[in-house]
Amino acid sequence: MIIYESNKYWLKDVRHLYRSWTMQRVIRSSMLVALVTAVICVIDMHFIRFVGDGLDTGIFSLLGIVLSILLAFRTTTAYDRWWEGRKQWGALVNDCRNLAIYLNSTLPQENRESRHFFAVRITNFCIALKEHLRQGARVEELVFLDDAEKTIYASKGHIPAFISYEIIQKIQDHFRAGDIRPEDHLNIKLHSQEFMNICGACERIKKTPIPFSYNVYLKLFITLYAALLPFALLPMFGYWTILMVAFVFFAFIGLELMAEEVEDPFGLDCNDLPTGDIAHTIKNNVFEILEQKSAQGKEREPALYDKVF
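Residues numbered from 1 in each chain as written. Predicted model: local features only at pLDDT ≥ 70, side-chain atom pairs only at ≥ 80, totals over all residues. Heavy atoms only, no water.

Asks: Before we move on, can you summarise the nonpolar core with the specific residues and values?
Replies: General note: in soluble globular proteins, nonpolar side chains tend to be found buried as a group. In terms of nonpolar packing, the biggest core is built from 49 residues, with Trp89, Leu92 and Ile282 touching the most fellow members. Contributing elements (two or more residues each) for this core: helix H3 (57–106), helix H4 (112–132), helix H6 (159–177), helix H8 (194–207), helix H10 (240–263) and helix H11 (275–291). For this core, the element with the most residues is H4, which contributes ten residues. Not counting residues within four places of it along the chain, the set of residues in contact with leucine 92 comprises Phe125, Cys126, Leu129, Phe195, Ile198 and Ile282. (Core = buried A, V, L, I, M, F, W, Y, C linked by side-chain atoms within 4.5 Å. Buried < 20%, exposed > 50% of the residue type's maximum accessible area, 1.4 Å probe, protein only. Helix = DSSP H or I, 4+ residues; strand = E, 2+ residues; numbered from the N terminus. Contact = heavy atoms within 4.5 Å.)

If you want it as structure tokens, here you go:
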């Protein structure tokens, strides 16, 4: 994710915009459209005049309004998905901290083993969830596991669900043993069961993209609009048509591609959510609460952030 300070810089922020992988796609696509438009202009103005008086620009004005409305809806729905993902991960931060606080204040002071168990499982749930929402959880990223535990985790198809089961099972064991009072158990249960609720909400965002037909229709609309626009502008603007068509296409395709990028907010694109950093923050917070020390385990891998600038 690109980190910046809002309302502080102007030209500096614009300069960093090109570092976005999506923006590079937009610029390359716009340059291709400009090249095709230039070929049309050269052929029509110097060889074969096939444009004539041009198409009615009023039609393109109406089509531009329709396209703008569709793109506004597209970007709004995409941002809603991005913001919903951020709210879910924000809720996960709160639930992890609150669960750690309740467990630390409820468990017997001498029971360091259980505190370490919960700190490791809460941390690993967040680490596993961020990769589960990408290409699948990776056991080698999880912290403080022995070889036997890694083998068990590797055999599971849904590692976050299994870790959530381990947490709840351990809580139930302490409750049956009398280490947790019934009223405390209700509060702890409230936060522990939220883990899978958040996981399910994130999976819903991940696995329910915009309907395919709607997506294809919008791309086709933009392509046809950009392909026909030179025939309307060429008789009036000549070679300036190249820049005008490229700029219009830049605006339309930029909105579409940025919407595509943010509608799946859990990946590694420049504008996706920093779920790796959030999981790393949860790890430090949970270990500080349950063990009164910072986690000294495996740090996040730089390879996970290759596309984040």
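Asks: Let's hear about the side chain of glutamate 141: which residues, and what values?
Replies: Structurally, the position occupied by glutamate 141 is in the loop between H4 and helix H5 (147–154). Residue classification places glutamate 141 among the buried positions, given a relative accessible area of 7%. One polar contact links glutamate 141 to lysine 130, side chain to side chain, over a distance of 3.0 Å. (Polar contact = N/O pair within 3.5 Å; in protein donor to acceptor, adjacent residues only side chain to side chain.)

Asks: Got a sec to walk through the side chain of glutamate 166? Specific residues and values, please.
Replies: Structurally, glutamate 166 is set in helix H6. Non-local contacts of glutamate 166, meaning those with residues more than four positions away in its chain, are made with Phe117, Arg121 and Tyr153.

Asks: Which residues make up a nonpolar patch on the surface, and what values go with them?
Replies: On the surface, Leu32, Leu35, Val36, Val39, Val42, Ile43, Met45, Phe47, Ile48 and Tyr239 cluster together into a nonpolar patch covering about 930 Å² of accessible area. Along the chain, the position of isoleucine 43 falls in helix H2 (residues 21–46). Since its relative accessible area comes to 33%, isoleucine 43 is described here as partly exposed. (Patch = residues over 30% accessible without salt bridge, like charges linked within 9 Å, V, L, I, M, F, W, Y side chains within 5 Å. Areas by Shrake-Rupley, 256 points an atom, 1.4 Å probe, with all protein chains shown as cover. Salt bridge = Lys/Arg side-chain N within 4 Å of Asp/Glu carboxyl O.)

Asks: Quick one: what's the story with the state of the cysteines, residue by residue and with numbers?
Replies: Applying the stated criterion across every chain, the model contains zero disulfides. Among the cysteines around cysteine 202, which has no disulfide bond, cysteine 199 carries the closest sulfur, lying 7.1 Å off. Overall, cysteine 202 belongs to the buried group, its relative accessible area being 0%. (Disulfide = S-S within 2.5 Å.)

Asks: Explain unusual backbone geometry residue by residue, including any values.
Replies: For residues other than glycine, phi is negative in most cases, and the peptide bonds are mostly trans. For phenylalanine 144, which is not glycine, the phi dihedral falls at a positive 55 degrees. Turning to its location among the elements, phenylalanine 144 is positioned in the loop between H4 and H5.

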